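# Structural overview for review
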Amino acid sequence: MKKRSPGFDGGTISVMMMAAAVLLMLLTVAVPPAPAGPGPGANAGPVKIIPKVTAGPSGRMIVEYEVRNAGSAPVYHLLVTTFLARDARRSDPYGQIAAGQAWTSYRCDFDLGAMIPGDYIMVSRLSYDDHAGKPHLLYDFHPFMNRTGLPAGEKPPLAVAVHAEPLNVKSLGEATAKYKLSLVNNHKGPVQAVVSFYLPDGITMDETDRFYELGPGGTQADEAVVKLDAGLPPARYPYRAVVWYDFNGVQFSRLLQDEAPVEEKPVLLIVFAVAVLAAIAAAGGWLWWRRRRGSGTVGSGL
């Protein structure tokens, strides 16, 4: 009697082929992509912050604010903070704005004559709570030139780029991603730069103000970890970053604008597919061992 080969028989191969087909189907399931259009960004909701900038006496810049609630419910605990380079102003807390009403009593000013010449970006931040008690942040960005500055459209010699990795709402545990920064100093001297991030509701960063020192011609790479709050739907959410520094008595500023991608990729599906692959390998090995053992027993009795 001829000894059987210890390889796989037709039944074993059929089972393994069927399992592999199921695995292939799992791995090729269409994952819903994030919508192509942008998600909510600054001033996209029912509450608006509208700064009005005018020139005051003695070279001062006056900023008058209108905060309007165009929604159907009141908003509470409003606070306006204005950032301009190393300076800042903050309003007193304002209790609430009823639906359809506005807060117009807050104003602040800055002494531009005491500031070095150059390009500036004034950032206005509004914080408030909605009727459910959920906190929100809104931003407005106002670039302007103080006495002198770069021609319109010209970028500062310090080059800064940001690459935002996507956040996955289906992540196992807390959803995190990295925003990768690269800086190149094209000045002929050292600079100390500040990069401040202004993120949409639902996306947080532990250190939104980041400081960098670069020598002439120097480069630097950095990573900032961002976290996703539960309940933020997949979309592309606009975010802003302001880069500012001074060099040889001149202020340089630049506004970076991009989108923070939030997507939905079921991680559990991938984990399950890997588990299926491991099960296929284990089952195949067990069947092969059993078949080989059986062939050895028949051969020994001849």
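Above this note sits the structure.
Described below are features of the structure shown in this document. (Residues numbered from 1 in each chain as written. Predicted model: local features only at pLDDT ≥ 70, side-chain atom pairs only at ≥ 80, totals over all residues. Heavy atoms only, no water.)

On strand S10 (residues 158–164), burial follows the alternation: Leu158, Val160, Val162 and Ala164 on one face are buried, whereas Ala159, Ala161 and His163 on the facing-out side are not. Looking at chain direction, S10 and strand S12 (residues 176–185) are connected through seven bridges and run antiparallel. When the sheet's bridge partners are listed, Leu158 is paired in S12 with Asn185. (Buried < 20%, exposed > 50% of the residue type's maximum accessible area, 1.4 Å probe, protein only. Helix = DSSP H or I, 4+ residues; strand = E, 2+ residues; numbered from the N terminus. Pairing = 2+ DSSP bridges.)

Attention now goes to the pattern of salt bridges. Here the structure, examined in full by the defined rule, presents eleven salt bridges. The salt bridge partner of Arg60 is Asp109, with a shortest N-O separation of 3.3 Å. Here Arg60 is found in strand S2 (residues 60–69), whereas its partner Asp109 is found in strand S7 (residues 107–111), with 49 residues between them in sequence. Since its relative accessible area comes to 28%, Arg60 is described here as partly exposed. On the basis of relative accessible area, Asp109 is assigned to the partly exposed category, the value being 29%. For the salt bridge of Glu223 with Lys178, the shortest nitrogen-to-oxygen distance reads 3.3 Å. Of the two residues, Glu223 is situated in strand S16 (residues 219–228) and Lys178 in strand S12; the sequence distance between them amounts to 45 residues. A residue is classified by how much of its surface remains accessible, and Glu223, at 38% relative accessible area, is partly exposed. In this structure, a network of salt bridges that share partners links the residues Arg60, Asp109 and Asp111. (Salt bridge = Lys/Arg side-chain N within 4 Å of Asp/Glu carboxyl O.)

This structure, assessed with the given rule, holds eleven aromatic pairs. Between the aromatic rings of Tyr94 and Trp103, the centroid separation amounts to 4.5 Å while the plane-to-plane angle is 5°, which identifies the pairing as stacked. Since its relative accessible area comes to 31%, Tyr94 is described here as partly exposed. Look at Phe141 and Tyr198: their rings are 5.4 Å apart centre to centre, the planes differ by 75°, and that puts the pair in the edge-to-face class. With Phe141 in strand S9 (residues 135–146) and Tyr198 in strand S13 (residues 191–198), this residue pair connects regions lying 57 residues apart in the sequence. Residue Phe141 is classed as buried on the basis of its relative accessible area of 18%. Judged by its relative accessible area of 12%, Tyr198 falls in the buried class. (Phe/Tyr/Trp six-rings, centres within 6.5 Å; stacked < 30°, edge-to-face > 60°.)

A word on the side chain of Gln251. Looking at where Gln251 falls in the secondary structure, it is placed in strand S18 (residues 250–263). Accessibility expressed as a relative area gives 2% for Gln251, which makes it buried. Beyond its immediate chain neighbours, meaning those up to four positions away, Gln251 contacts Ala85, Ile116, Pro117, Gly118, Asp119, Tyr120, Trp244, Tyr245 and Asp246. (Contact = heavy atoms within 4.5 Å.)

Bringing the nonpolar core into the picture now. It is characteristic of soluble globular proteins that their nonpolar side chains tend to be buried jointly. Among the nonpolar cores identified, the biggest contains 35 residues, and Tyr179, Phe197 and Ile203 are the most heavily contacted of them. At the level of elements, S10, S12, S13, strand S14 (203–205), strand S15 (209–214), S16, strand S17 (235–247) and S18 are the ones that each hand at least two residues to this core. Top contributing element to this core by residue count: S17, with seven residues. If we ignore the near neighbours within four places in the chain, the residues touching Phe197 are Val162, Tyr179, Leu181, Met205, Thr208, Arg210, Tyr239, Arg240 and Ala241. Counting 23 residues, the second largest nonpolar core, distinct from the first, contains Val67, Val75, Cys108 and Leu138. (Core = buried A, V, L, I, M, F, W, Y, C linked by side-chain atoms within 4.5 Å.)

Time to look at the environment of Asn185. Relative to the helices and strands, Asn185 resides in strand S12. Accessibility expressed as a relative area gives 0% for Asn185, which makes it buried. Each C-alpha atom, one on Asn185 and one on Pro156, is 9.7 Å from the other, the two residues being 29 residues apart in sequence. Residues in contact with Asn185, not counting those within four places in the same chain, are Pro157, Leu158, Pro190, Val191, Leu214, Gly215, Pro216, Gly217 and Gly218.

A word on the environment of Gly59. Mapped onto the elements of the fold, Gly59 is located in the loop between strand S1 (47–55) and S2. Take Gly59: its relative accessible area is 41%, and that puts it in the partly exposed class. Separated by 55 residues in sequence, Gly59 and Ala114 have C-alpha atoms that sit 9.0 Å apart.

Its place among the elements puts Asp129 in strand S8 (residues 118–129). Look at Asp129: it is buried, it has no salt bridge, and the nearest opposite charge is Lys134 at 11 Å. Among the polar contacts made by the side chain of Asp129, one reaches the side chain of His77 at a distance of 2.9 Å. Once residues lying within four places of it in the same chain are set aside, the contact partners of Asp129 are Val75, Tyr76, His77, Lys134 and Pro135. (Lys, Arg positive; Asp, Glu negative; His and termini not counted. Polar contact = N/O pair within 3.5 Å; in protein donor to acceptor, adjacent residues only side chain to side chain.)

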